[in-house]
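Here is how the chains run, residue by residue.
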Amino acid sequence: MTEQSFKHRVFSGIQPSGNLTLGNYLGAVKRFVEMQDSGIETIYCVVDLHAITVWQDPEKLRHATRELAAAYIACGLDPTRSILFNQSQVSAHAELGWLFNCVARLGWMNRMTQFKDKAGKNAEKASLGLYAYPSLMAADILTYQATHVPVGEDQKQHVELARDIAGKFNHDYGTEYFPLPEPIIEGAATRVMSLRDGTKKMSKSDPSDLSRINLTDDADTIAKKIKKAKTDPEPLPDSVDGLDGRPEAKNLVSIYAALSGKSKADVIAEFAGQQFGAFKPALADLAVAELSPITARMSDLMADPAEIDRILGDGADRAAALAEPVLAGAKDVMGFVRSR
Ligand code: ATP
Ligand code: MG
């Protein structure tokens, strides 16, 4: 079997670790929807096992899991055309994750910037799960033998690690069992930055709610957050290069470009020389126009949590039907006795 023989299959996931943000939407979910519509098999997961790498209140986790599923559907993912499910209902993820813990090397894990960012100065107090996170992520992807992984820029390193794990597994066991998955990082906003600090990624787990726009924010909240977004005193430049060294300005222009489907150059051409006092309300209008139908649809879906649970359960059955044979095959390759 050669690498080319793997059927194209898309897998990606988002953690139910808080409200979905504009960064998640532009960097991930919008891309998920495009890939669903491109005719490739698509599998999208609510990665709840990843969320618990940092403490989650159980009730909030349940709510965030359903809300993320609602957001997927509200953004255009169709549970009949994609497989939508939550990770903890398909045990193959955790099981292959353990097998990969024994393939991945400590040296590789030590290079992962997300662990350093999230563990911060107090790494001794971080959970072992937070450290092993990338190995579970490799299992998420590879238990479907997925070939393409749409993600934001921040997850590139983890998808590359999944390639390394697949490559080492194949090499160690003299097989071509796993494909080497490719990150797909596309769009004008692959790394949306915090509204409070243009050098920090926008994150749903950031303690400051003002740092992000949530898909559940109403129009007034969105307008207020954009108005308060940190900027510098200069007007917008007359070329894209003029955004260099101005991270906050660059971020707002990138968000505008991604929301409007225009290039950054077109946005600059439209707003060159204008103050943020003029640009920010235009950006807020654009964000509200794009997000408010999604917010409304999410709240409709959240009115019927039993239906969301049904969709997740059905997706989990279909996901498990794909994942279990791949896990079983990996066990055979590794020499486990399987007699039932
Ligand atoms: P957390 O703070 O809990 O890590 P998060 O906002 O980083 O939450 P994740 O669940 O870790 O979200 O990531 C889900 C997807 O969203 C990934 O593909 C990730 O690359 C993408 N993503 C996250 N933040 C951004 C961002 N600021 N800009 C673009 N894409 C993003
Ligand atoms: Mg993250």
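With an unreviewed UniProt entry as reference, the protein chain is termed Tryptophan--tRNA ligase, source organism Rubricella aquisinus. Database annotation for the protein chain, UniProt heading Catalytic activity (unreviewed entry): "tRNA(Trp) + L-tryptophan + ATP = L-tryptophyl-tRNA(Trp) + AMP + diphosphate + H(+)". Entered under Subunit (unreviewed entry) in the UniProt record, the comment concerning the protein chain runs "Homodimer."

Asker: Teacher, can you tell me more about the overall build of the protein chain here?
Answerer: What the protein chain contains, in helices and strands, is 13 helices and five strands. Relative to a compact globule of 340 residues, whose C-alpha radius of gyration would be 20 Å, the protein chain shows 21 Å and is just as compact. C-alpha extents for the protein chain along the principal axes are approximately 70 × 45 × 40 Å. For the protein chain, the residues scored as buried account for 51% of the 340 residues in total. Across the protein chain, every contact between residues at least 6 apart in sequence was considered, and the portion connecting residues at least 24 apart equals 76%. Taken as a whole, the protein chain presents about 15500 Å² of accessible surface, with 52% of it coming from carbon and sulfur.

Asker: Got a minute to help me understand the environment of alanine 296 in this structure?
Answerer: As for its position among the elements, alanine 296 is in helix 12 (residues 276-302). Measuring from C-alpha to C-alpha, the distance between alanine 296 and alanine 74 comes to 8.4 Å, with 222 residues separating the pair along the chain.

Asker: Would you explain the UniProt feature "binding site: L-tryptophan" (unreviewed entry) in the protein chain in this entry?
Answerer: In this structure's numbering, the residues bearing the UniProt feature "binding site: L-tryptophan" (unreviewed entry) are Asp140. Among the secondary structure elements, aspartate 140 is positioned in helix 7 (residues 128-142). Not counting residues up to four positions away in its chain, the partners in contact with aspartate 140 are Phe11, Val47, His50, Gln87 and His93.

Asker: Quick question: what am I supposed to make of the packing of helix 9 (residues 219-228) against helix 12 here?
Answerer: A pair of packed helices can be characterised by two numbers: the angle between their axes and the separation between those axes. The geometry of helix 9 relative to helix 12 is characterised by a closest axis approach of 9 Å and an angle of 145 degrees between their N-to-C directions. The crossing of helix 9 and helix 12 is right-handed. Of the residues in helix 12, those in contact with Ala219, Ile222, Ala223, Ile226, Lys227 and Lys228 of helix 9 are Lys280, Leu283, Ala284, Ala287, Val288 and Leu291. Here the residues of the contact of helix 9 with helix 12 sort into nine nonpolar, no polar and three charged.

Asker: Can you help me understand the domain arrangement of the protein chain in this one?
Answerer: Often, the extent of an interface is quoted as the loss of accessible area upon association of its parts. Taken domain by domain, the protein chain holds domain 1 (3-185 + 304-334) and domain 2 (209-299). The distance between the C-alpha centroids of domain 1 and domain 2 comes to 30 Å. Taken together, the contact between domain 1 and domain 2 spans 13 residues of the former and 13 residues of the latter. Each partner contributes to the roughly 1200 Å² buried at the junction of domain 1 and domain 2, and carbon and sulfur atoms together form 72% of this total.

About the criteria used
- Residues numbered from 1 in each chain as written.
- Chains lettered and ligands numbered in written order.
- Predicted model: local features only at pLDDT ≥ 70, side-chain atom pairs only at ≥ 80, totals over all residues.
- Heavy atoms only, no water.
- UniProt positions renumbered as here; feature names shortened; annotations may be inferred.
- Helix = DSSP H or I, 4+ residues; strand = E, 2+ residues; numbered from the N terminus.
- Rg over C-alpha atoms; globule rule 2.2 N^0.38 Å.
- Buried < 20%, exposed > 50% of the residue type's maximum accessible area, 1.4 Å probe, protein only.
- Contact = heavy atoms within 4.5 Å.
- Areas by Shrake-Rupley, 256 points an atom, 1.4 Å probe, with all protein chains shown as cover.
- Axes fitted to C-alpha atoms, helices over the stretch in contact; angles between N-to-C directions.
- Left-handed = near helix turned anticlockwise from the far one by under 90°.
- Nonpolar A, V, L, I, M, F, W, Y, C, P; charged D, E, K, R; others polar.
- Domains from an automatic or database assignment.
- Buried area = accessible area lost by both parts, 1.4 Å probe.

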